[in-house]
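# Structural description and commentary
Spelled out from the first residue to the last, the chains are:
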Amino acid sequence: MEPLNANHLNEPVFDSEPLLGIGVWEEASKSLDAAVEAAKDGNFVLEQQQYLSDLTIDRHLHVTLEREFVLLDHWLRDNRGHLESPKVASFLGRREQFAPLSWVDRQERLFLWASKHEADDLAGSILGWRLICRELANSLLEWAPGNQGDLRGRMIVRLWRGSLGYYPQNRLRTWALRFLEDSRAPQVLAWEGEINRQILETHPELLAGGQ
Amino acid sequence: MENPFNRPPIDVSATLVEGNLPRWEKDYLAPVAASCNAKPRLLDSLRTGEDPTIRDGVNMALSHLLNPASPKDSSGRTAFLVHDGTGTGKSFQAILAAKAMALETEEPALVTTRANLIPPLMRDLERLGLDGSQINFVAIEQLGPFLKEAQARRQRFSVTVVDEAQDCRIPEVRRVLDAVPATKQLFFSATPFHNISEYCYFASKLLGKSIQEVKAELSSKPDLHLAVSEQIKQLTADRAMVHREFPFFGSVLPPEVWPINAESRSIETNLVEGYARLMKDSDLPRRRKLAEDLDSELNAASDNTKVGEVVRRVFDALSQNRKVILVGDDIPVASRILRDGDADGLPREMPGFLSALRAAMAASGVECSYIVDFPRGSDAIPALADERTAVADQNTEQMGRFIDGAYRINENGQRVEIRGADNKAIYAPSQTKVILLPYAQAAGWPELNQRFERAPEVSMIMTPSASADQFIQAIGRGSRRNSQGPTEVALIANDSIADCRRLRELLKGLEFIAATGSPAIAPFVRLTAECLDKATTQRAVRDQRLIQLQKSQRMRSARILDARRPPQRISKSGMAH
């Protein structure tokens, strides 16, 4: 019943910094504080502020991965014959599983719907998905501080700001897609794929329109 | 029973280090003076009165914070924790420590807590006869913009005083507190740690180690609770924290565990087997939720067998002129497995426990106040804020009906106490004598304390909860409902799967809190342990009897079968055909 928690790499983590000449995630961590502060509203209570901060972080992570994809795409066009180009091309293949940014904000709608329709099988899956993502995100938060020499751990420590997120599936999705080499990552995408399939089959209206 | 609130609270810290708590040497409160036109009586009594709780707390905190040898966390900050129970005067200590620190260092102090708690702090400042000079009261919610301005002015603070520091469980609160330009942090909380993560945060601050180091240190020990106890003892001996609290004012009734009947056992079996079938064909996320739903169904099935017994106890209490606080879950369930007996075969619906009690009580002509749980996620999701406010208003009104004392509703719809010529609150009996409180609301129910000697004594009837935090919050708040009289607590449990599981979880949580040194929790650790022991023993004996019964039934059936079977022809080889 437990998600796969073991730290195991199926292949080395892909690092774009030597190719791009900039640390995309490093830069993202520097701009995160400002983004979170800008989204805060002193009129909200602490739990609401944390919620808004979590969503800002989720969006920031998503946008950063998107930026890394774009920069690598440019790099690949300019460096077709480079020794590393197959690796880059393979990394860019992950874009196929990259959901639009609106998916981050859609989690609220899914959660509220599921909370009101608990007897529905889909609601059970949506709420269970959140619970299981919480457990995995929690184990990653525990694991990361001792693994900051690794891009995977560093991203969590610097960009998750000590929080699982209200909808942990958001930050887990970005983390998993970025570090698909980690044996913990594929299950995250598989859970999400299964939830998407169920929504499309039974309640496609939940995916319609923006927030 | 003697009222323990008439005496100073128990000095848990002194007990922990067997009385070897080093005394403070400098009285930092001495220079704190009331403003010129204020009456200094209260302040003077705190400085020189027979209860030294407040003076000791302030002096111990400042001695530690101002000692250059005290440990510093990774950001170079020294911290002190005042882990005092409710009613011990934490707010006075917070204000006085801020004032004393500002006087000592000639730098202003910053006092922060939730926005709604700032006005009561300001009222306490006034009661002490102090002015607000050299103290900045800033709501945590507003700290971000405040610090931006402070940074622009290059403003520094002598200390960050955090009241209700249990809010440090929220990651953004931790971050913003570490952004304050102050090298000292003074935390006040009655409930700073309810689990290992919350404990590790404060321990890391007080020990000057990273959270990971603290966790690694604790997990290297064979007994986590003992390791936490030892660490707290060390922190106390090092004068990094202080802990005083009042004992539980009341009595705990001896544990009684009711056996569930054959029908309930059969329901349990059907649920467990039914859910196992559902889980078999489900993916991981859905299985995770099904596991949660199974617990809810088992809980509801177990709790619904208690309605009759609880109603009987309520009537007993009412006949003795007591008021009753009933605490339990209130989660209605439409079963995924059980079906109604009628032809429709629709999912069987079980009302939430408290709703069932409310209906049973109403049928007997007893009206109850009824606290409703907030919608899930409404504390955090702004879109649910209006719904939450409506529920909160309704709960405040319900609570008001349960509270003794005369009051009127002012033009803003607020409840205002009516006071007599002597400025004392006027007594009037409450409209309801029974209140139903869901565990999910244990920390958030509107508190309206009554302190009338004439008010009836209070009985609390609890059902098992898996959350030690909610259980203790409910008892703590309930038992303070009438601080003039003792509270009687009864735990109603049975030997169902649900109660065995909830009691096990509850005990685990209570033992953790007990490891942090709370004396008020001891009777409830004992009560829960005894209930769990009884429940599991009863269940084991019953299961054993059931196995024996099944065995003898099988043997009897086999004998009957043998008797009915025609005699078998034995072959030459001796084998039956």
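Look up: the structure comes first, before these words.
In this text the structure is predicted, and so the values were computed from the model without any measurement. (Residues numbered from 1 in each chain as written. Chains lettered and ligands numbered in written order. Predicted model: local features only at pLDDT ≥ 70, side-chain atom pairs only at ≥ 80, totals over all residues. Heavy atoms only, no water.)

For chain A, the helix and strand inventory stands at 9 helices and 0 strands. In chain A, the succession of helices and strands from N to C terminus is α-α-α-α-α-α-α-α-α. For 211 residues, the compact-globule estimate of 2.2 N^0.38 gives 17 Å, and chain A sits close to it at 18 Å. Here the C-alpha coordinates of chain A stretch approximately 55 × 40 × 35 Å along the principal axes. With 211 residues in all, chain A has 51% of them scored as buried. Once the 23 positive and 32 negative side-chain charges of chain A are each reduced to a mean point, those two points are 3 Å apart. (Helix = DSSP H or I, 4+ residues; strand = E, 2+ residues; numbered from the N terminus. Rg over C-alpha atoms; globule rule 2.2 N^0.38 Å. Buried < 20%, exposed > 50% of the residue type's maximum accessible area, 1.4 Å probe, protein only. Lys, Arg positive; Asp, Glu negative; His and termini not counted. Charge placed at Lys NZ, Arg CZ, Asp CG, Glu CD.)

Another point: the environment of Glu 453 of chain B. All names here are of chain B. One can find Glu 453 in the loop between strand E17 (434–438) and strand E18 (458–462). Exposure remark for Glu 453: the relative accessible area of 71% places this residue in the exposed category. Expressed as a C-alpha distance, the spacing of Glu 453 and Gly 485, which sit 32 residues apart in the sequence, is 7.4 Å.

Once that is clear, we can look at the pairing of strand E5 (residues 160–163) of chain B. All names here are of chain B. With burial as the criterion, each face of E5 is covered, one bearing Thr 160 and Val 162 and the other bearing Val 161 and Asp 163. Across 3 bridges, strand E3 (residues 109–113) lies against E5 in parallel orientation. Within E5, the residue paired with Val 111 across the bridge is Val 161. The pairing of E5 with strand E6 (residues 184–188) spans 4 bridges and is parallel. (Pairing = 2+ DSSP bridges.)

A word on the environment of Val 12 of chain B. All names here are of chain B. Along the polypeptide, Val 12 turns up in helix H1 (residues 12–16). The class for Val 12 is buried, based on a relative accessible area of 5%. In this structure, the C-alpha to C-alpha distance between Val 12 and Gln 538, residues 526 residues apart in sequence, is 37 Å. Once you skip the residues sitting within four places of it in the chain, Val 12 turns out to touch His 243, Arg 244, Glu 245, Gly 517 and Pro 519. (Contact = heavy atoms within 4.5 Å.)

The next point concerns the pattern of salt bridges. A complete count under the given rule lists 60 salt bridges over all chains for this structure. Where Arg 169 of chain B meets Glu 47 of chain A, a salt bridge forms, and the shortest distance between an N and an O atom there is 3.3 Å. Here the residue Arg 169 of chain B occupies a position in the loop between E5 and helix H7 (171–177), and Glu 47 of chain A occupies one in helix H3 (residues 46–78), the pair thus bridging two chains. With a relative accessible area of 16%, Glu 47 of chain A lands in the buried category. Via salt bridges that share partners, Glu 118 and Asp 121 of chain A together with Arg 286, Lys 289, Glu 292, Asp 293, Arg 336 and Arg 376 of chain B belong to a single interconnected network. (Salt bridge = Lys/Arg side-chain N within 4 Å of Asp/Glu carboxyl O.)

Counting across every chain of the model gives 18 aromatic pairs over all chains. Here the aromatic rings of Trp 175 of chain A and Phe 179 of chain A are separated by 5.7 Å at their centres, their planes lie at 55 degrees, and the arrangement is tilted. In this structure Trp 175 of chain A comes out as buried when scored by relative accessible area, which is 0%. Their ring planes at 75 degrees and their centres at 6.2 Å tell us that Phe 471 of chain B and Phe 524 of chain B sit as a pair that is edge-to-face. Of the two residues, Phe 471 of chain B sits in helix H16 (residues 468–479) while Phe 524 of chain B sits in helix H18 (residues 522–564), which places them 53 residues apart along the sequence. As far as burial versus exposure is concerned, Phe 471 of chain B and Phe 524 of chain B are alike and both buried. What links up through ring pairs into an aromatic cluster is the set Phe 187, Phe 193, Tyr 199, Tyr 201 and Phe 202 of chain B. Between the NZ or CZ atom of Arg 184 of chain A and the centre of the ring of Trp 143 of chain A, over which it lies, the distance is 4.2 Å. Between the NZ or CZ atom of Arg 388 of chain B and the centre of the ring of Phe 374 of chain B, over which it lies, the distance is 3.8 Å. (Phe/Tyr/Trp six-rings, centres within 6.5 Å; stacked < 30°, edge-to-face > 60°. Lys NZ or Arg CZ within 6 Å of the ring centre and 35° of its normal.)

Moving on, we come to the interface of chain A and chain B. Contacts between the two partners involve 45 residues from chain A, matched on the other side by 35 residues from chain B. Summed over both sides, the interface of chain A with chain B buries roughly 3,400 Å², with 58% coming from carbon and sulfur. Along the contact surface separating chain A from chain B lie 15 residue pairs in polar contact (both at pLDDT 80 or more). Looking at the side of chain A that touches chain B, the elements with two or more residues in it are helix H2 (24–39), H3, helix H5 (102–116), helix H6 (121–143) and helix H9 (185–202) of chain A. Considering every element that reaches the side of chain A that touches chain B, the biggest residue donor is H6 of chain A, with 10 residues. Among the residues forming the side of chain A that touches chain B, the class breakdown is 19 nonpolar, 13 polar and 13 charged. (Buried area = accessible area lost by both parts, 1.4 Å probe. Polar contact = N/O pair within 3.5 Å; in protein donor to acceptor, adjacent residues only side chain to side chain. Nonpolar A, V, L, I, M, F, W, Y, C, P; charged D, E, K, R; others polar.)

Further remarks concern the side chain of Thr 487 of chain B. Looking at where Thr 487 of chain B falls in the secondary structure, it is placed in strand E19 (residues 487–494). Those residues within four positions of Thr 487 of chain B in sequence are excluded, and the remaining contacts are Phe 248, Phe 249, Gly 250, Ser 251, Val 458, Met 460, Gly 478 and Ser 479 of chain B.

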